[in-house]
Amino acid sequence: MRKLALIGAALAVATGLAANVARAETELNFGIISTEASANQKKNWEPFLEAMSKATGLKVNGFYASDYAGVIEAMRFNKVQVAWYGNKSGMEASNRSNAEVFAQSVSRDGSTGYYSHIIVNVDSPYTKLEDILKCDKSMDFSIGDPNSTSGFLVPTSYVFAAQNIEPKNCFKTLRNASHQANAMAVANKQVAAATNNSEDLTRLETTAPDARKKIRIIWTSPIIPLDPIMWRKDLDPAVKTKLYTFMMDYGRFGTAEEIKTAREVLANLVWSPFHPSNDNQLLPIRILEANKSLMKINADDKMSAAEKAPKIAELQAEIKKWQVQADKAEHSPYQKQLATFFAAEKADNKDEMKKLIGQFTAAAVNTPTN
């Protein structure tokens, strides 16, 4: 009986594995980080996911979590196979969720970068960054999700850590919220200031134009690479090929009507057709994160110089490692191939673009997994 039970259990496991494989080949979940209310996101994302389903033959389900960590963890446990991230959350997914970058979003105007902002109400007496950094705990401040690049990492690094300011010791109240929630809180005078970004404020011009008119920008960051699209490294190569081809073809190829429709769908996401990308996109964010940690240790009055020294040395070595990789990536054959692709796109040379997309697809799908 015991032997039969063991055989039965083995068959059950095998059946379960077979079912999982079958699911992976026919269905996948696409994770979407929570930059705004899920109802708004679904309205903008579902047409894109439907187009992906139609083009790939896969059943693509949108996965909408209440925070960025929800998508990262879902990918970690293979509940999500593909996802749109910001660079900071993408870095976390790379570290923890067996994820890699394969595409980059492109702004509606064709740019591949965006900006973090600190915003106030138009009626606010605060007109410049220094006005909100009095740190007398007299104002309410709303920062982004801890895994947000533009809402948290960039302002924390460039504004607070750079000036040895701990936000929770600076403001009367400090809360974390989505970009949309931050914008509305500022517009409605519920907080004195908040973080946001150029993409979300552009989106707000359409979704809530009256609110956008009530917002003033008082700080703008250096340019940030636009968002990565990532998949699990262990995703079926056949599925990767379908996804990659769809992502690069969408809004570029097809009938005039098909291209027009695709570009309208992308425009609702504040995007235009995607660009090829890889994990090198995350290197500037890794450097930024390590520099933020370095500044925080240097500013820590509770640590002795002896306690700081090994931590500083470790972070400096890490920064050097990432910088070497970034410099190497900047002059890599892949970067030259990208430049050729961008030139072909600018010239509307569809034959050359098709050929290059085929090469990018082969390289992305055949990249060895860890």
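Scroll up a little and you will see the structure.
Let me sum up the structure you'll find in this document. The residue count restarts for each chain, going from 1 along the sequence in the order it is written. Only residues with pLDDT of at least 70 get local features here, since the model is predicted, and only at 80 or more are side-chain atom pairs given and counted; chain-wide, interface and lining totals rely on the full set of residues. Think of the side-chain values as coming from all heavy atoms in the structure, minus any hydrogens and water.

Brief notes about the pattern of salt bridges
Worth spelling out the cut-off: For this document, the term salt bridge refers to a Lys or Arg side-chain nitrogen within 4 Å of an Asp or Glu carboxyl oxygen. Each helix is a run of DSSP H or I of at least 4 residues and each strand a run of E of at least 2, with the numbering of both proceeding from the N terminus. Note on exposure labels: buried denotes an accessible area under 20% of the residue type's maximum, exposed denotes more than 50%, and partly exposed covers the range between, all computed with a 1.4 Å probe on protein chains only.
According to the stated counting rule, one finds 16 salt bridges in the structure shown. In this structure, the salt-bridge partner of Lys-354 is Asp-249, at a minimum N-O distance of 3.3 Å. Here Asp-249 lies in helix α9 (residues 237-249) and Lys-354 lies in helix α14 (residues 350-365), a separation of 105 residues in the sequence. Lys-354 gets classed as partly exposed once you look at its relative accessible area, which sits at 42%. Using a relative accessible area of 17% as the deciding quantity, one classes Asp-249 as buried.

Side note on helix α13 (residues 333-346)
Going by this rule: Helices are assigned an expected span. That span is 1.5 Å times one less than the residue count. Working definition: the arc comes from the directions between the helix axis and the C-beta atoms, pointing outward to the latter. In this analysis, two residues are considered to be in contact whenever any of their non-hydrogen atoms come within 4.5 Å of each other.
The terminal C-alpha atoms of α13, which comprises 14 residues, lie 20 Å apart, in line with the 20 Å expected from a rise of 1.5 Å per residue. Restricting attention to buried positions, one finds in α13 the residues Tyr-334, Leu-338, Phe-341 and Ala-344. On an axial view of α13, the arc spanned by its buried residues comes to 120 degrees, and they lie on one face. With respect to the buried face of α13, the exposed residues turned more than 90 degrees away are Lys-336 and Lys-346. Elements that come into contact with the buried residues of α13 comprise β13 (271-276) and α14. Once α13 finishes, Asp-348 follows within two positions and takes phi at roughly 55 degrees, a positive value.

Things to note about unusual backbone geometry
Glycine aside, negative phi is the norm for most residues, and most peptide bonds take the trans geometry. The backbone of Asn-78 sits at a positive phi, close to 60 degrees, despite the residue not being glycine. Along the chain, Asn-78 falls in the loop between α3 (68-76) and β3 (82-84). Overall, Asn-78 belongs to the partly exposed group, its relative accessible area being 39%. Of note, the phi angle at Val-270 is positive, near 65 degrees, even though the residue is not glycine. You can see Val-270 is positioned in the loop between α10 (256-268) and β13. For Val-270, a relative accessible area of 5% gives the class buried.

A look at the environment of Thr-361
Along the polypeptide, Thr-361 turns up in helix α14. Distance in space between the C-alpha atoms of Thr-361 and Lys-242 is 9.2 Å, their sequence separation being 119 residues. Ignoring any residue separated from it by four or fewer positions in sequence, one finds Thr-361 in contact with Thr-241, Tyr-244 and Thr-245.

Describing the packing of aromatic side chains
Threshold: Two rings belonging to Phe, Tyr or Trp (six-membered ring only in the last case) form a pair when the distance between their centres is within 6.5 Å. Interplanar angles under 30 degrees mark stacking, angles over 60 mark edge-to-face geometry, and anything in between is tilted.
Applying the stated criterion across every chain yields a total of 20 aromatic pairs. Ring plane angle 80 degrees and centroid distance 5.7 Å describe the contact between Trp-45 and Phe-48, whose orientation is recorded as edge-to-face. With Trp-45 and Phe-48 both in helix α2 (residues 38-56) and three residues apart, this pair spans about one turn of that helix. Among the residues examined, Trp-45 registers a relative accessible area of 3% and is labelled buried.

A word on the sheet that holds strand β2 (residues 59-64)
Threshold: A pair of strands is treated as paired once DSSP finds two or more bridges between them. Here, axes are lines fitted to C-alpha atoms. For helices the fit covers the stretch in contact, and angles between N-to-C directions go from 0 to 180 degrees.
Pairing within the open sheet is mixed, and its six strands lie in the order β2-β1-β3-β12-β4-β13. Across the chains shown, the open sheet's two edge strands, defined by having one partner strand only, are β2 and β13. Neighbour-to-neighbour, the strand axes of this sheet turn through a mean angle of 25 degrees, independent of strand direction. The sheet contact formed by strand β4 (residues 99-107) and β13 spans four bridges and is antiparallel. Residue Gln-104 lies in a different strand from β13, and its bridge partner there is His-275.

Interpretation in functional terms is not warranted from these geometric data alone.
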